[in-house]
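These are the residues of each chain, in order.
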Amino acid sequence: MDTLIELSHIKKTFGKLQVLKDISCHFESGNIVSVLGPNASGKTTMIKSILGMVIPDEGDIRFCGARVNKTFDYKKYIGYMPQIGRYPDNMKIGQLFDMMLDIRNCNKIPDTDLIEAYRLKSMYHKPMRTLSGGTRQKVSAALAFMFNPDVLILDEPTAGLDPFATEILKQKILAEKANNRLVIITSHILSESEELADTVMYLYEGKIKFYEPLAALQMETGEQKLGKILTRLLTEEHV
Ligand SMILES: Nc1ncnc2c1ncn2[C@@H]1O[C@H](COP(=O)(O)OP(=O)(O)OP(=O)(O)O)[C@@H](O)[C@H]1O
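Residues numbered from 1 in each chain as written. Predicted model: local features only at pLDDT ≥ 70, side-chain atom pairs only at ≥ 80, totals over all residues.

A. Here's a closer look at helix 5 (residues 163-178). Here helix 5 is 16 residues long and its end C-alpha atoms lie 23 Å apart, about the 22 Å a rise of 1.5 Å per residue gives. Residues of helix 5 that are buried make contact with strand 3 (31-36), helix 3 (113-117), helix 4 (133-146), strand 7 (151-155), strand 8 (182-186) and helix 6 (190-196). Trailing helix 5 by a residue or two, Asn-180 shows a phi angle of about 70 degrees, which is positive. (Helix = DSSP H or I, 4+ residues; strand = E, 2+ residues; numbered from the N terminus. Expected span 1.5 Å × (residues − 1). Contact = placed C-beta atoms within 7 Å.)

B. Quick peek at helix 1 (residues 43-50). Of all the eight residues making up helix 1, six are buried; the element is thus mostly covered by neighbouring parts of the structure. Taken residue by residue, helix 1 has Lys-43, Thr-45, Met-46, Ile-47, Ser-49 and Ile-50 as its buried positions. Backbone geometry just downstream of helix 1 places Gly-52 in the positive-phi region, at approximately 75 degrees. (Buried ≥ 20, exposed ≤ 12 C-beta atoms within 10 Å, placed from the backbone.)

C. Inspection of the site of the ligand at higher detail. For the ligand, the full set of nearby residues is Phe-14, Leu-17, Val-19, Gly-37, Asn-39, Ala-40, Ser-41, Gly-42, Lys-43, Thr-44 and Thr-45. Those elements that place two or more of their residues in the shell around the ligand are strand 2 (17-28) and helix 1. By residue number, the principal contributor to the shell around the ligand is helix 1, which donates three residues. Considering only residue class, the shell around the ligand consists of four nonpolar, six polar and one charged. (Near = placed C-beta within 6 Å. Nonpolar A, V, L, I, M, F, W, Y, C, P; charged D, E, K, R; others polar.)

D. Highlighting unusual backbone geometry. In this model, Asp-22 sits at a positive phi of 65 degrees, which is unusual for a non-glycine residue. Among the structural elements, Asp-22 can be located in strand 2. Unlike most non-glycine residues, Cys-64 shows phi in positive territory, near 50 degrees. Structurally, the position occupied by Cys-64 is in the loop between strand 4 (58-63) and strand 5 (66-67).

Structure representation (structure tokens):
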């Protein structure tokens, strides 16, 4: 496993609120990391810092060893699925995919697994503004995986997806892990993290409370279920 992303002493303040308080950690290839934490604990801000969408006040972010602060090239190696995908209202699904293919000018064959599994081709003529929340999520998922990225960053990816669509996405995430990709997922659905995650990070008020392999957390607490593990660790002052 290679270290793909490294965060060192990341701090970010919005107004008077310090949202990230000295975050240091690294993320390895072939690993699914579940980032958990209560609302407003800083999960999305951390993810957006990695993506260059939020600029930290202090600290370093490295991608494959190189500092990324204010650079762009590394982003082509990351597929991002936002919490809420925003797209031009009148653009049709097919046009959106064509535009992305055109912009990325990628010489690899695009990964169309999710387009096929979600049968999005039959909806290519539909404008984005007319889509249901779940279909919009499917489009976001298909885009995130389309360019065979080394890293996938998925912000609450199954929120709004029906159970069948959720299962398809989970299988895709596991397949990408088998391809040695790094997958970072934020979620509030603990059963899903339990199923997918190799490693669990818990953020609380902008700090990492713990960041450990799920198997180690299970050993440490004697519990199998993530809900029980969190209850133990967070109420018994283990951390
Ligand atoms: N651009 C911004 N300007 C001002 N405050 C912001 C901004 N972005 C985030 N925040 C604040 O930072 C805090 C952390 O937000 P963030 O979205 O990172 O939390 P989260 O852990 O992802 O939450 P959730 O589980 O609700 O998605 C919140 O209090 C939020 O209001």
